[in-house]
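The residues making up each chain are set out below.
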Amino acid sequence: MAKKTKKNKQPQPTPKSNTKWLSLATFILVGILIFYPPYFRGLFFKEDMFLYHLITALVFIVVWVKKIKTKDYTIIRTPLDWAVLAYAGAYLLSLIGAVHPGEAFFGFLKALNYFMVYWMVTQVVKDYKYYVAVLNILLAAGTGVALIGLLTATGYCHYPAAVINGVIQSTLQYSNATAAYLAVISIIGAVLWIRRQSLTLKITYGIATYLTALVVLAAVSKGAWLIWIIGIIILLIGMPGLYKIKALYSMGLALMAAFVTSEKFIPAITGPNIKAGLPILFIGIIIVLVGQALWEAMAWLNRKHGQRAVIVAAFVLVIAGTAGAFTIGNSLTNVAPQELVTEAMQIFDSGGNSYSYRMDFCRWGLDIVKDHPIFGTGAGGWNALYHQYQDYSVFTTEAHNHFLQVWVEAGTLGLIAFLAVWILFLLAAYRLYKVYREKKTDDDNQDHQILIWGTVAAALACGGHAAFDFDLSIAAVFILLWTLIALINAAWIITAPPKPVGVRPVINISVAAVLTVLMLYCGSSYALANHYAVQGAKLRQSIEGKTPAQQTTLLIQAANSYQRAVSLNSLDANSYADLGGIYGIFYYSQAQSGQTGQQNYHKKAIEAMDRAEKLKPYDTKVR
């Protein structure tokens, strides 16, 4: 009797048709997650970040539904994944010596959220079509930020603090960060612009690059200009073959359009009739259109008539470039607001206040590190402690150097993790670049080389500016950086898939579930707590002009709101302090009127104030 063959009981892959819609939905959700942060004050404030935690958790669930449906249970696949996770882990360990426990935990949640966003980008980028789509999302987000700044400057849009004294700050509400962010976006725009594609797309990318470049100028930030130049040089160095010329031409065209436009635009938005600035924007658009038409004409001559046409085209390019250089020089020296010229002249000035302040911040930060070397002070530690180390009075909530900020907050462990991210990122990029460089004749490989190097140039520009400013303290900018790093990681997985490691579905799904629950709970409860805290503040402020009975009623309602706030977020020192203040008012009022029960309010006031002081012992406002 023949032996029965064993049936293959291994699970069969889910048909692609069953997961196609889920893959698309997942990508769209992750796209929204990396698109919208710049529009909500860069998620710099905790109340905006709490909501982002909740949204991240919901998208994370969808990503895992897709992974489970396709029987892919992996979490960590590359050394870069480990490094990014270690960065979040370092902020978890910083809770050990945190000087402000509440702020430290909020900082850990941010770092963990960044990891989840990074990880989700690597999950949805399965090929270079998705890679390009992510770059398009980043460019669209940046172009929107630029447009809001430009339209607010010309009076056709209103966004709070988007323009201050004629300087565009846009949605990030800080001119240096806006300039640095859009400098990075302009590099992404140039990368997408020079690829093989339709004329319509080239024009679209050209206009987007010009608009972002114009705001970089109008934000008046010499630091951003410096890393912009460095980023462009890095971009040009790595472009393959004739794409160096194409990248130089395209970036030069966008810069020329921005410079020429700025000569009329900046005086308009700082003058009495700001709405006159809007038509001026079309000057740059026309320059981009003419420049692109000139390039297409030269490319056509090259295809039809060969090398002689190339020589003629090169001659025309030289003439156009020379004219553009004179135009830019004239624009720089004659632009009405002297801020551009003054700011440009100070780029390499090491004697200015900006430079000396940053050197002192560095010195104070290193002194803090000496006292908290391993685990750091926890997030918020710089702002809590720097006054104790300074030798003259100056106020700054940030260290203006993210590498130093990480060292202060997450200790040496955090700095090592952050540096490891950069080292592994550059190593992965170098390996990818080497792979594609060896296949010069393949158009797709050349296109991939352009994308890889463009991403590297943009990421280095972003990280470079963070070495002397606090861009990465703004969540939207950090998400941009982590997204660029995730793209390189995804490209490495696409090109050289890592060997599968021992996958334990139960463990990996459990880890994912813990992260989801943590983000869902903290995001929702902290966001709701902030709602009640804001409600309590409004009620307390509304007591002016009211009768004593009405004031008492409003204060009771405010106390109830703050009680709800601290019950949902027991780490919020400010809510405890405000609640203690209200209890103090009740105690004083009852003591003055001779009512009984005032000791109960006295006890509650002391308890709330003690709790606030333990959460933020170095915060003078709380104390």
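Attention here is on the structure that accompanies the text. (Residues numbered from 1 in each chain as written. Predicted model: local features only at pLDDT ≥ 70, side-chain atom pairs only at ≥ 80, totals over all residues. Heavy atoms only, no water.)

**Observations concerning the overall build of the protein chain**
Summing up its helical and strand segments, the protein chain has 21 helices and two strands in all. The contacts of the protein chain with a sequence gap of at least 6 include a subset with a gap of at least 24, amounting to 76%. Summed over its atoms, the accessible surface of the protein chain is roughly 28,600 Å², and 64% of this surface lies on carbon and sulfur atoms. (Helix = DSSP H or I, 4+ residues; strand = E, 2+ residues; numbered from the N terminus. Contact = heavy atoms within 4.5 Å. Areas by Shrake-Rupley, 256 points an atom, 1.4 Å probe, with all protein chains shown as cover.)

**Description of the pattern of salt bridges**
Under the defined criterion, the tally for this structure stands at 12 salt bridges. Here Glu103 and Lys616 are joined by a salt bridge, their closest N and O atoms 3.5 Å apart. In this pair, Glu103 sits in helix α4 (residues 101–124) while Lys616 sits in the segment after α21 (598–615), placing the two residues 513 residues apart along the sequence. The partner of Glu296 in a salt bridge is Lys202, and the shortest N-O contact between them spans 3.2 Å. Residue Glu296 is located in helix α10 (residues 277–305), and its partner Lys202 is located in helix α7 (residues 199–218); the two are separated by 94 residues in the primary sequence. Judged by relative accessible area, which is 23%, Glu296 ranks as partly exposed. Taking the relative accessible area as the measure of exposure, Lys202 reaches 10% and is therefore buried. Linked through salt bridges whose partners overlap, the residues forming this network are Lys46, Glu103, Lys616 and Asp619. (Salt bridge = Lys/Arg side-chain N within 4 Å of Asp/Glu carboxyl O. Buried < 20%, exposed > 50% of the residue type's maximum accessible area, 1.4 Å probe, protein only.)

**Things to note about the nonpolar core**
In terms of nonpolar packing, the biggest core is built from 186 residues, with Tyr131, Ile188, Trp228 and Trp482 touching the most fellow members. With residues near it in sequence (within four places) discarded, Ile188 still touches Leu135, Leu138, Leu139, Ala458, Leu480 and Leu484. Membership of the second largest hydrophobic core comes to 13 residues, among which are Val99, Trp382, Tyr386 and Ala399. (Core = buried A, V, L, I, M, F, W, Y, C linked by side-chain atoms within 4.5 Å.)

**With respect to the environment of Gly142**
By the element assignment, Gly142 lies in helix α5 (residues 128–153). In this structure the C-alpha to C-alpha distance between Gly142 and Thr209, which are 67 residues apart in sequence, comes to 9.6 Å. When neighbours within four sequence positions are excluded, Gly142 is seen to be in contact with Tyr181, Leu182, Ile185 and Thr212.

**Some points on the packing of aromatic side chains**
Summed over the entire model, instances satisfying the criterion amount to 34 aromatic pairs. Residues Phe418 and Trp482 carry aromatic rings whose centres are separated by 6.3 Å and whose planes lie at 20° to one another, so their mutual orientation is stacked. Linking Phe418 in helix α15 (residues 402–437) with Trp482 in helix α17 (residues 475–495), this pair joins segments that are 64 residues apart in sequence. An aromatic cluster of three or more residues is present, and its members are Tyr87, Tyr91, Tyr114, Phe403, Phe418, Trp422, Phe425, Phe478 and Trp482. For the cation-ring pair, Lys67 lies above Trp64, with the distance from its terminal atom to the ring centre recorded as 5.3 Å. Lying over the aromatic face of Tyr156, Lys275 brings its terminal NZ or CZ to 5.3 Å of the ring centre. (Phe/Tyr/Trp six-rings, centres within 6.5 Å; stacked < 30°, edge-to-face > 60°. Lys NZ or Arg CZ within 6 Å of the ring centre and 35° of its normal.)

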